[in-house]
Amino acid sequence: MAKRAVTMEKLVALCKNRGIVFPGSEIYGGMGNTWDYGPVGVEIKNNIKRAWWKRFVQESENSFGVDAAILMNSRVWEASGHTTSFSDPKMDCKECKSRHRADNLIEAHSKGKVNPDLMSNEEMETYIREHRICCPICGKFNWTGIRTFNLMFETSRGVTDENQNKIYLRPETAQGEFVNFLNVQRAARAKVPFGIAQIGKAFRNEITPGNFIFRTIEFEQMEHQWFCKEGTDGEYYEQFKTRAMQFLLDLGFAPEHLRFKDHDKLAHYAKAACDIQYEYPMGWSELNGIHNRTDYDLSRHQEFSGKSLTYVDPVSGERYIPYVIEYSIGADRLMLAVLAEAYDEETLEDGDVRNVMHFHPAIAAYQAAVLPLQKNLAPQAKELLGRLKKQFSVSYDEAGSIGKRYRRQDEIGTPYCITVDFDTLQDGTVTVRDRDSMQQIRLPAEKISAFLFEKTAF
Ligand code: ATP
């Protein structure tokens, strides 16, 4: 198999130069592991979220969306277990004061052969001592013991300094779906099995963020909770594994760059859990998770809120707390995977190298670019642009040679370039250039809209 041209350095540089992703607060020297999406990036990310929402809410039978508040009653996080157990095992290097995750140190040292998820904190400390795993920053061996570190960002709510209540920035969107189980069920007159989905920001005070937008402290999640009856959960778990994988394949991922990975250690309430991993430039890593969470979430919220979350089957009258199959994927992690998958350097017949992003046409920032062959054709080109913009995201470029303009669009992955030339004035046709094959065809300008609808559908 051909070696992939993509590296993280190339992606970061391309993203910066082409307005896809910029370092956060850059003119102030940045703010570690925060990133801002630029004009091209925000379009791609919105398209990714739209494709996911269409697939898992709008096209799904019995799935409904919510957009819950980021700030929630603190009792939510007690019920979910986040205040007590949402933590990572951290160790500090006493020499250079850098902070590390003990599990990551072991994983890196053993090249993935040892699974720290199966170890207690004491076992991890012993392993690190016995194998003399040194600080990856300064190379010294002088660690503190392992301390657990809660990943939730705290803030406070109150009108005076003396009267402040501790609240949290949500570390996952899922709880917004669980606390709205009754509301959605009633408002949508939903019958179990049904799903609640949400896309929104989540925040985690990660000990070791990094790898560009792979692991950040602020990110977006796309989560879907499927509420079902115990006994049907196994079947739905398998169904969501298939649906999650199919979504990625439909976005254009090569099957050999994706794999399922079962969790070795399950949370005490979970019945089954797996990830889909993607072969990122830095190696195989989690892209999304699928979890059978049993009736844990609703039972806990019933207990802590005092509100009954028991479902009554309208036909049989049976009462039960539904099980939950959770499918959770980070929009930014998916964006990074989409970028890595699309990246290509193609050597052309004349020896020139063409940088091209092979995005699925529905995901590309612009579905088309309108290019007047010469500047004096701008009025006709802009007339076409104005019409297409009402239906699609369309770019316009009149600067430089047509060849250079094609290359600029290739670099941001625009699937179709539509050139208005002198023949357009005569017969109303335009040239349509395909990004991937570089083939050109001529079409009547009034057919472009239908052409793009067909070619860019997801
Ligand atoms: P990891 O093991 O990589 O920390 P996780 O198992 O804690 O991830 P979940 O809590 O299952 O992740 O979150 C669901 C999804 O949210 C992940 O599969 C990932 O796509 C995304 N995600 C989680 N943490 C981050 C982060 N810090 N930055 C970006 N995306 C994240």
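Throughout this document, residue positions are counted from 1 along each chain, in the order its sequence is written. Only residues with pLDDT of at least 70 are given local features in this predicted model, and only at 80 or more are side-chain atom pairs given and counted; all residues enter the totals for whole chains, interfaces and linings. Side-chain metrics in this entry use all non-hydrogen atoms of the structure; hydrogen atoms and water are not considered.

1. A look at the pattern of salt bridges
Once their charged atoms are close, side chains differing in charge can pair, the charge on each being opposite to the other. Here, a salt bridge means any side-chain nitrogen of Lys or Arg that lies within 4 Å of a carboxyl oxygen of Asp or Glu. Enumeration over the complete set of coordinates arrives at 33 salt bridges. Among the salt bridges present, the one from Asp233 reaches Lys271, with a minimum N-O distance of 2.7 Å. Note that Asp233 is positioned in helix 9 (residues 233-250) and Lys271 in the loop between strand 11 (258-262) and strand 12 (272-280), a separation of 38 residues in sequence. When accessible area is computed with a 1.4 Å probe and restricted to protein chains, residues below 20% of their type maximum are described as buried, those above 50% as exposed, and intermediate ones as partly exposed. Given the relative accessible area of 48%, Lys271 is considered partly exposed. Counting from the N terminus, the helices are DSSP H or I runs at least four residues long and the strands are E runs at least two residues long.

2. Observations regarding the sheet that holds strand 13 (residues 283-292)
We treat two strands as partners when DSSP finds at least two bridges between them. With respect to topology, seven strands assemble into an open sheet ordered 3-9-10-16-13-12-11, the strand pairing being mixed. A single partner strand is all that each edge strand has here, and the edge strands are strand 3 (63-65) and strand 11. Direction aside, neighbouring strands of the sheet carry axes that sit 25° apart on average. Relative to strand 12, strand 11 runs antiparallel, the two sharing five bridges. The residue bridging Phe260 from the neighbouring strand is Ile276, located in strand 12. The axes used here are C-alpha line fits, helices contributing only the stretch in contact, and every angle between their N-to-C directions lies in the interval 0 to 180 degrees.

3. Let's talk about the environment of Trp35
Mapped onto the elements, Trp35 comes out in strand 2 (residues 35-37). For the pair Trp35 and His301, spaced 266 residues apart in sequence, the C-alpha separation works out to 34 Å. Contact between two residues is taken to exist if any of their heavy atoms lie within 4.5 Å; hydrogens are not considered. Excluding anything up to four places from it in sequence, Trp35 contacts Val21, Phe22, Pro23, Gly24, Phe212, Ile213 and Thr216.

4. Observations regarding the domain arrangement of the protein chain
Structurally, the protein chain comprises domain 1 (8-83 + 153-341), domain 2 (87-150) and domain 3 (366-455). Relative to domain 2, the C-alpha centre of domain 1 lies at a distance of 28 Å. Every contact between the two is made by nine residues of domain 1 and, on the other side, twelve residues of domain 2. Three residues, Ile207, Thr208 and Lys265, lead the burial of domain 1 against domain 2; their summed loss comes to 61% of the area buried on that side. For the pair domain 1 and domain 2, the interface holds zero salt bridges. Looking at the side of domain 1 that touches domain 2, its residues break down into one nonpolar, four polar and four charged. These domain boundaries are the output of an automatic or database domain assignment. Two parts placed together each lose some accessible area under a 1.4 Å probe, and the buried area is that loss summed for both. Only Asp, Glu, Lys and Arg are considered charged in this grouping, and only Ala, Val, Leu, Ile, Met, Phe, Trp, Tyr, Cys and Pro are considered nonpolar; every other residue, Gly among them, is considered polar.

5. Things to note about the side chain of Ser80
Locating Ser80 in the fold gives a position in helix 3 (residues 74-80). Judged by relative accessible area, Ser80 falls into the buried class, the value being 12%. Other than its neighbours up to four places away in sequence, Ser80 contacts Gln175 and Tyr296.

6. Section: the site of the ligand
When at least one non-hydrogen atom of a residue lies within 4 Å of a molecule or strand, that residue is treated as near it. For the ligand, the set of nearby residues contains 16 residues, the closest of which are Glu206, Arg215, Thr216, Glu286 and Gly330. Here a polar contact is taken to be a pair of N or O atoms separated by no more than 3.5 Å, where protein atoms must pair a possible hydrogen donor with a possible acceptor and residues adjacent in sequence count only if both atoms sit in side chains. Contact distances for the ligand include 2.6 Å between an oxygen atom and a side-chain N or O atom of Arg215. The contact in question runs from an oxygen atom of the ligand to an N or O atom on the backbone of Gly330, over 2.9 Å. Here the ligand has 590 Å² of accessible area as a free molecule, and 84% of this is covered by the chains. Within the residue set of the shell around the ligand, elements represented by two or more residues are strand 10 (218-228), strand 13 and strand 16 (323-330). Per-residue and other accessible areas were derived by the Shrake-Rupley procedure at a 1.4 Å probe size, with only the shown protein chains allowed to occlude residues.

7. Observations regarding the packing of helix 2 (residues 39-58) against helix 11 (residues 331-342)
Put simply, helix 2 and helix 11 touch, their axes get as near as 10 Å, and they point 110° apart. With respect to each other, helix 2 and helix 11 are oriented roughly perpendicular. By crossing handedness, the relation of helix 2 to helix 11 is classed as right-handed. Counting all contacts with helix 2, which are made through Gly41, Ile44, Lys45, Ile48 and Lys49, the residues of helix 11 involved are Ala331, Asp332, Leu334, Met335 and Val338. Here the residues of the contact of helix 2 with helix 11 are counted per class, giving six nonpolar, one polar and three charged. Roughly parallel here means an angle under 35 degrees, roughly antiparallel means over 145, roughly perpendicular means 65 to 115, and every remaining angle is called oblique. Handedness of a helix crossing follows the sense of rotation of the near helix relative to the far helix, less than a right angle counterclockwise being left-handed and clockwise being right-handed.

8. Some points on helix 13 (residues 402-412)
Listed in full, the buried residues belonging to helix 13 are Arg405, Tyr406, Gln409, Asp410, Glu411 and Ile412. Positive phi appears at Gly413, one or two residues downstream of helix 13, with a value of about 80°.

9. Let's talk about the packing of aromatic side chains
Each aromatic ring pair is described using two quantities: the centre-to-centre distance and the angle formed by the ring planes. For this analysis, a ring pair means two rings from Phe, Tyr or Trp (six-membered ring only for Trp) whose centres lie within 6.5 Å, classed as stacked if their planes differ by under 30 degrees, edge-to-face if by over 60, and tilted for the remaining angles. One pass over the full model with this rule turns up 20 aromatic pairs. A ring pair is formed by Phe56 and Phe247, whose centres lie 5.6 Å apart and whose planes are at 75°; its orientation type is edge-to-face. One end of the pair, Phe56, is in helix 2; the other, Phe247, is in helix 9, and 191 residues separate them in sequence. Residues Phe56 and Phe247 agree in their burial class; the two are buried. Taking 4.9 Å as the distance between ring centres and 55° as the angle between the ring planes, the aromatic pair formed by Phe56 and Tyr327 counts as tilted. In this pair, Phe56 is assigned in helix 2 and Tyr327 in strand 16, connecting sequence segments 271 residues apart. A relative accessible area of 0% places Tyr327 in the buried class. Taken together, the aromatic side chains of Trp52, Phe56, Phe247, Tyr327 and Phe458 make up a single cluster linked through ring pairs.

10. A word on the layout of surface pockets
Buried and open spaces are told apart on a 1 Å grid over the protein atoms alone, a cavity being a set of points where a 1.4 Å probe fits but cannot get out and a pocket being an open set with protein on both sides within 12 Å along at least five of seven lines. Residues with an atom within 4 Å of a point are the lining residues. Grid points are joined across faces, edges and corners, and a volume is the space filled by probe spheres set on the points. Volume-wise, the second largest pocket comes out at about 370 Å³. Taken together, 14 residues form the lining of the second largest pocket, with Asn47, Arg50, Ala362, Gln367 and Thr456 sitting closest to its centre. In terms of residues, the lining of the second largest pocket owes the most to one element, helix 2, which gives five residues. The residue makeup of the lining of the second largest pocket, split by class, is six nonpolar, five polar and three charged. Taken domain by domain, the lining of the second largest pocket gets at least three of its residues from each of domain 1 (8-83 + 153-341) and domain 3 (366-455).

11. Some remarks on helix 5 (residues 102-109)
Considered for burial, the residues of helix 5 that qualify are Ala102, Asp103, Leu105 and Ile106. Each buried residue of helix 5 lies within a common arc of 160° when the element is viewed along its axis, so the set occupies one face. On the buried face of helix 5, the contacting elements are strand 4 (87-92), strand 5 (99-101) and helix 6 (121-130). Starting at the helix axis, one direction is taken to each C-beta atom, and the arc is that of these directions.

12. So, the sheet that holds strand 22 (residues 429-434)
Read across the open sheet, the five strands follow the order 20-19-21-22-23; overall the sheet is mixed. Edge strands, defined here as strands with exactly one partner in the open sheet, are strand 20 (394-396) and strand 23 (440-444). Put simply, the sheet's adjacent strands are angled 30° from each other on average, direction ignored. One ladder, built from three bridges, connects strand 19 (residues 368-372) with strand 20; its direction is parallel. Looking across to strand 20, one finds that Ala369 is bridged to Ser395. Helix 12 (residues 378-389) rests against strand 19, strand 20, strand 21 (416-420) and strand 22 of the sheet, and its axis sits at about 160° to strand 20. Packing of helix 13 onto the sheet brings it into contact with strand 19, strand 20, strand 21, strand 22 and strand 23, and relative to strand 19 it is tilted by some 165°.

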